[in-house]
Structures are given as C-alpha cells and as structure tokens.
Amino acid sequence: VQLQACGGGLVQAGGSLRLSCAASGRTFSNYGMGWFRQAPGKEREFVAAISWSGGSTYYVDSVNGRFTISRDNAKNTVYLQMNSLKPEDTAVYYCARDRWPFGAGTQAAYDYEYWGQGTQVTVSS
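Undergrad: An account of the nonpolar core is needed here, citing residue identities and associated values.
TA: Core analysis: the biggest nonpolar cluster contains 27 residues, and W35, L80, M82 and Y93 have the highest contact counts within it. Secondary-structure elements contributing two or more residues to this core are strand 1 (3-6), strand 3 (17-23), strand 4 (31-38), strand 5 (45-50), strand 7 (67-72), strand 8 (77-82), strand 9 (91-101) and strand 11 (119-124). In terms of residue count, the dominant contributor to this core is strand 3 (four residues). For L80, the residues in contact, after removing those within four places along its chain, are L17, R18, L19, W35, V47, A48, F67, T68, I69 and Y93. Counting residues in hydrophobic clusters, the runner-up holds five residues, among them F36, F46, A49 and Y112.

This is the structure we're talking about:
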C-alpha cells in the first residue's frame with residue numbers, strides 16, 4: 001500500500017487549503033483513514049479521522065469546525081478541507097491508513113499501519 005499526499009502550500013491566515021491523499025491497492029474502502037501533523041520541534045499529533053464507510057469522523061479540538069475530512073472510495077482518495085487557517089496550523093501533514101479493516105476511525109498513531117510522505121502546510125500571519 002502506498003499513500004501519496006498533496007495539496008499543501010503557503011497560505012495567509014484565514015485562507016483555505018484542500019489536502020488529498022491517494023492510496024494504491026484495491027481495499028482502500030475497507031479501512032479507516034486519518035490525518036496527522038507535525039510542527040517543527042513538536043511531536044506528531046492527530047488531526048482528523050474517518051471510518052471505512054465515511055459515516056463517522058473525528059477531529060482534534062483545535063481544528064473542529066474549521067477542518068473537514070472526507071473520502072471518495074471510488075477514487076481511493078481521502079481529503080482534508082482546511083478553512084480559516086491559523087499560523088499554528090503550520091506543519092507537515094501526513095495521511096495514514098488504519099491497521100485493521102472496517103474500523104470506526106482512531107486517534108492513536110500506533111493504530112495506523114501505512115503512512116504517506118507528508119505535505120507541508122505553511123500559514124503566514
């Protein structure tokens with residue numbers, strides 16, 4: 001399984017970006033997906049997760065109401081729509097695939113088996 005994240009960039013505070021993560025393989029629709037981020041000098045943190053069916057989503061409190069995770073199983077792609085961006089959202093964003101099939105989505109990094117390469121998001125003030 002390979003995950004390819006893209007869509008990062010430089011944006012002013014208050015702006016928006018949409019991250020995409022394309023997955024290889026034929027079983028994408030069976031697995032929950034997540035987004036994590038890591039800022040310089042900080043540990044990787046959970047951002048958002050979506051269940052295998054797309055019926056359940058979870059967010060860290062700091063992005064709730066501003067970010068939206070979604071998936072298109074026909075395209076083997078998960079998205080992270082980021083609105084009202086703040087300088088503190090600056091980080092490398094990683095997508096990841098759940099370790100177990102038919103999961104409801106998880107906030108724990110150790111529950112994810114495959115990780116994308118990361119895409120840089122920089123929010124200027």
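Alright, that's what it looks like, and here's the rest.
Undergrad: Can you break down the sheet that holds strand 8 residue by residue, with the values?
TA: Read across the sheet, four strands follow the order 1-3-8-7 without closing on themselves; strand pairing throughout is antiparallel. Edge strands, defined here as strands with exactly one partner in the open sheet, are strand 1 and strand 7. Neighbouring strand axes in the sheet, compared pairwise and without regard to direction, differ in orientation by 15° on average. Pairing analysis gives six bridges linking strand 3 to strand 8, with the strands arranged antiparallel. Its bridge partner being in strand 8, R18 is matched across the sheet by Q81.

Undergrad: Help me get a handle on empty space enclosed by the protein, residues and values and all.
TA: If you roll a probe as big as a water molecule over the atoms, it shows you where there is empty space left. Evaluated as defined, the whole model comprises one cavity of 30 Å³ or more. Together, V1, A23, S24, G25, T27, F28 and R97 line the largest cavity. Here the lining of the largest cavity is composed, by residue class, of three nonpolar, three polar and one charged.

How each quantity is defined
- Residue positions within a chain follow its written sequence, with the count starting from 1.
- It should be noted that, the model being predicted, local features are given only for residues of pLDDT at least 70 and side-chain atom pairs only at 80 or more, the latter also being counted only at that level, while totals for whole chains, interfaces and linings use all residues.
- Processing note: side-chain calculations cover all non-hydrogen atoms of the structure and skip hydrogens and water entirely.
- Among the buried residues, those of types Ala, Val, Leu, Ile, Met, Phe, Trp, Tyr and Cys that are joined through side-chain atoms within 4.5 Å form a nonpolar core.
- Using a 1.4 Å probe on the protein chains alone, a residue whose accessible area is under 20% of its type maximum counts as buried, one over 50% counts as exposed, and one in between counts as partly exposed.
- Runs of H or I in DSSP of at least four residues are treated as helices and runs of E of at least two as strands, each being numbered from the N terminus.
- Whether two residues are in contact is decided by their heavy atoms, any of which lying within 4.5 Å being enough.
- DSSP-based pairing: two strands are paired if at least 2 bridges between them are found.
- For helices, the axis comes from a line fit to the C-alpha atoms of the stretch in contact; other axes are also lines fit to C-alpha atoms, and the angle between any two N-to-C directions lies between 0 and 180 degrees.
- Lining residues are those with an atom within 4 Å of a point, where the points come from a 1 Å grid over the protein atoms alone and group into cavities, where a 1.4 Å probe fits but cannot get out, or pockets, open sets with protein on both sides within 12 Å along at least five of seven lines.
- Grid points are joined across faces, edges and corners, and a volume is the space filled by probe spheres set on the points.
- Charged means Asp, Glu, Lys or Arg here, nonpolar means Ala, Val, Leu, Ile, Met, Phe, Trp, Tyr, Cys or Pro, and polar covers whatever is left, Gly included.

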